Amino acid sequence: MALAAEPVSDLKTAAQSSLVMGVGFVLAALMTGAAVMIGSWPAVSGPLGPASRPVMTLLLVNLALILMLTGLMAWRVMRLIAAQSTDAGARLHLRFVTLFALAAVAPAVLMALFFGVLVTRGVENWFSSRVATVVENSATVARSYVAEQTNFIGEHSELMARDLNRAVAALSQSPVAFGHFLASEATDNGFDAAYLIDRDGRVLASAEGPNTPAFLAPPPSSIRGADSYVSVERFPNDDVLRGLLRLQAHPDGYLYVVRRLDPGILNHLVEAAGSVVSYRLAAASRSRIQTAFALSYAEMTLLVMLGAVWLGMGAASSIASPVARLVQAAGRVAGGDLTARVDTSRDPEEIAVLSRAFNSMTTDLQAQQDALRRSDGAVPHLGAPCATARS
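In this report, the structure presented in the accompanying data block is examined. (Residues numbered from 1 in each chain as written. Predicted model: local features only at pLDDT ≥ 70, side-chain atom pairs only at ≥ 80, totals over all residues. Heavy atoms only, no water.)

1. A few points about the side chain of Thr212
Worth spelling out the cut-off: Secondary structure elements are defined from DSSP: runs of H or I of at least 4 residues count as helices, runs of E of at least 2 residues count as strands, and each element is numbered from the N terminus. Think of a polar contact as two N or O atoms within 3.5 Å of one another; within protein, one of them needs to be a possible hydrogen donor and the other a possible acceptor, and neighboring residues in sequence only count if both atoms come from side chains. Whether two residues are in contact is decided by their heavy atoms: any pair within 4.5 Å suffices.
Note that Thr212 resides in the loop between β3 (203-208) and α8 (220-225). At 2.4 Å, the side chain of Thr212 forms a polar contact with the backbone oxygen of Gly209. Residues within four places of Thr212 in sequence aside, it is in contact with Asp192, Ala193, Tyr195 and Arg260.

Encoded structure:
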């Protein structure tokens, strides 16, 4: 009688646990990858990146899933430990699992330690005083430049307004001469363009240099503010500052000047201010960021270890189970049961050769035993005629 590979109930249990392990492992790997991707994509996770609430929630849920898979794997190992006292196959299986797991876990642990130290040092360097100084100074320099240009526009707008107040009467008498005077004043005061507008934003006179930015009417709030001080305006996606000031000598006239800045400086100011805010928030959540990184690497390490043990158990099963069946069959033959056979239908070819040789040997032994039994049974029949002849 051939020994089956495993009982039907054990096969179902092993198949179900393998399916759960496979699905759980893939899901945990996808969740880990998603957490890392979201943590490195601030547009999704917000300014805190890896320490944001979605990332931390995903990491904690993933950790719970990995711990469940670890418990399932531990249950399978405990079954082998419990069966090794009565099952030689279980002892061999456990030995193979231990060897495979140690061979795969050692590199995983070393990798985790290496990257753990690397990430810890990296996070420490992020929040060092040198980095903080660079981030703060970057925003300070941009703000200082814009403040300097704003003060320049305010001072020179007032100087230019005084001259225009004295010459505003020429606007109605000689508009062309006033336009030349306006252009001369704009050039002397470092403006790319100058306009005389009314309260509704209509242009009364203009002086524009080469490559002058397009005219943009100031908002009503700026016009109201310009009655008492120089109102400086910034428009989105425009590296230009515009100043507005009421002309006292004109009943409804405002000086509107334009000064071009270095390309990209205003965008840099916005980005620098955002960087400072993000850096300060990150510094305040430093422990959460370190926890997020620690969870990420712990989960990656556990996944590698689980995968190693899982593959180790699969490899061990493919080797240990056929050998265990062979050992059990040999034990039955040693006890006198020459009908023992080993099922080789699912064995690796290398072990199947040994099992087929064993089956051939037990077949020959059984045939020889049957022949001996038949010969022993024939001896009494031969002795009966001899006894009759003597009588």
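2. What to know about the nonpolar core
As a reminder of what qualifies: We call a set of buried Ala, Val, Leu, Ile, Met, Phe, Trp, Tyr and Cys residues a nonpolar core when their side-chain atoms join them within 4.5 Å. Exposed residues in this analysis have more than 50% of their type's maximum accessible area, buried residues have under 20%, and partly exposed residues fall in between, with area computed by a 1.4 Å probe over protein chains only.
Judged by nonpolar contacts, the single largest core of 22 residues is most densely connected at Met160, Leu164, Leu182, Leu255 and Val257. Counting residues per element, the ones that place at least two in this core are α5 (129-167), α7 (175-188), β2 (193-197), β3, β5 (240-246) and β6 (254-260). By residue number, the principal contributor to this core is α5, which donates six residues. Not counting chain neighbours up to four residues away, the residues in contact with Leu164 comprise Phe178, Phe181, Leu182, Leu247 and Leu255. One finds Met21, Ala28, Leu65 and Met73 within the second-largest nonpolar core, a separate group that totals 17 residues.

3. As for the sheet that holds β3
To keep it simple, the criterion reads: Should DSSP find at least two bridges between two strands, the strands are regarded as paired. For helices, the axis comes from a line fit to the C-alpha atoms of the stretch in contact; other axes are also lines fit to C-alpha atoms, and the angle between any two N-to-C directions lies between 0 and 180 degrees.
On the basis of which strands lie adjacent, the open sheet formed by five strands has the order β3-β2-β6-β5-β4 and antiparallel pairing. Two strands bound the open sheet, and with one partner strand each, they are β3 and β4 (231-234). Each adjacent strand pair in this sheet contributes to an overall mean axis angle of 20°, direction not counted. Packed on one face of the sheet, α7 meets β2, β3 and β6 and runs near 50° to β3.

4. Thoughts on unusual backbone geometry
One non-glycine residue with positive phi stands out, namely Asn211, at about 55°. Its location among the elements puts Asn211 in the loop between β3 and α8.

5. A look at the packing of aromatic side chains
The condition that has to hold: For Phe, Tyr and Trp, where Trp contributes only its six-membered ring, two rings pair if their centres lie within 6.5 Å, and the inter-plane angle classes them as stacked under 30 degrees, edge-to-face over 60, or tilted in between. We call a charge positioned over a ring when the NZ of a Lys or the CZ of an Arg lies within 6 Å of the ring centre and within 35 degrees of the ring normal.
Under the defined criterion, the tally for this structure stands at four aromatic pairs. Seen in terms of ring centroids, Phe215 and Tyr256 are 5.8 Å apart; in terms of plane orientation they differ by 90°. Their pairing is edge-to-face. Residue Phe215 is found in the loop between β3 and α8, and its partner Tyr256 is found in strand β6; the two are separated by 41 residues along the sequence. The class for Tyr256 is buried, based on a relative accessible area of 1%. An aromatic cluster of three or more residues is present, and its members are Tyr195, Phe215 and Tyr256. Its end group placed over the ring of Phe152, Arg259 keeps NZ or CZ at 4.1 Å from the ring centre.

6. Examining the pairing of β6
Across a regular strand the side chains alternate sides, sitting on one face of the sheet and then on the other. Buried residues dominate β6, accounting for six of its seven residues. Note that β2 and β6 share five bridges and pair antiparallel. Within β6, the residue paired with Ala193 across the bridge is Val258.

7. Structural notes on the pairing of β3
Pairing geometry for β2 and β3, over five bridges, is antiparallel. When the bridges of β3 are listed, Tyr195 appears paired with Ser206. What sits between the antiparallel neighbours β2 and β3 is a turn of five residues, in which Gly201 has the positive phi angle 85°.

Everything listed here is a matter of geometry and, on its own, says nothing about what the molecule does.
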